[in-house]
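Residue strings, one per chain:
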Amino acid sequence: MNQLEVFLSEIRACGICKDVLPLGPNPVVQFSQSSRILIVGQAPGTKVHASGVPWDDASGKNLRNWIDVDKEVFYDTSKIAIVPMGFCYPGKGKSGDLPPRPECAEAWHAKIFDYLPNLELILLIGQYAQNYYLEQKCDTLTETVRNWKMYTPKYFPLPHPSPRNNIWMKKNEWFGQEVLPYLKETVKAILAK
């Protein structure tokens, strides 16, 4: 095994927070040293936990539409890396899933970046990723996303693509009119290289 394979096997064997995970550990990440785009989301839901395939749900379908790529490209690690803030399903809260466990980012994220020398763009999906990675944030997720140009070309803040956010999408039509076209063109240009 090469260094990357050894490192990935260490991640997949992680049990840092096994005692607090309701479904046990099942780290869901994918990346390679040639990945050009990194998607940093929240944490897997129950469907992704069961399948082991990141974004294998309605949110993933929306995200693929947002960046205008099919499943083949989306799951091609030579193009796209997927590293959530929490690698395992964190459990159910009062109004949805619990926040991602903080142990994953603390233990693994910096080390993962050592294996991603070709990154050109990091999509920060949701407040947890944005709070962790952005030094300057606006007061709300909406304002952070509205001011996306402040963070490019390295970062691109996005809301979560969950169907639950359809109301947010309707209230913030500028997102579909201004942000998504630019995002699609940016992703297309990076993947065409």
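Please read these numbers as outputs of a predicted model, since none were measured by experiment.

Novice: Is there a simple way to explain the state of the cysteines in this structure?
Specialist: In this structure the tally under the stated criterion is zero disulfides. With no disulfide of its own, Cys-104 lies closest to Cys-17 among cysteine sulfurs, the gap being 5.2 Å. Accessibility expressed as a relative area gives 5% for Cys-104, which makes it buried.

Novice: Help me understand the nonpolar core in this model?
Specialist: One broad trend across soluble globular proteins is that nonpolar side chains are buried collectively. Among the nonpolar cores identified, the biggest contains 29 residues, and Ile-11, Phe-31, Val-40, Phe-87, Ile-112 and Leu-124 are the most heavily contacted of them. Within the residue set of this core, elements represented by two or more residues are α1 (3–12), β1 (37–40), α5 (102–113), β5 (121–125) and α6 (127–133). For Val-40, the residues in contact, after removing those within four places along its chain, are Val-83, Met-85, His-109, Ile-122, Leu-123, Leu-124, Ile-125, Ala-129 and Tyr-133. In this structure, Ile-39, Trp-148, Phe-156 and Ile-190 belong to the second largest nonpolar core, which totals 26 residues.

What counts, and at which threshold
- Residues numbered from 1 in each chain as written.
- Predicted model: local features only at pLDDT ≥ 70, side-chain atom pairs only at ≥ 80, totals over all residues.
- Heavy atoms only, no water.
- Disulfide = S-S within 2.5 Å.
- Buried < 20%, exposed > 50% of the residue type's maximum accessible area, 1.4 Å probe, protein only.
- Core = buried A, V, L, I, M, F, W, Y, C linked by side-chain atoms within 4.5 Å.
- Helix = DSSP H or I, 4+ residues; strand = E, 2+ residues; numbered from the N terminus.
- Contact = heavy atoms within 4.5 Å.

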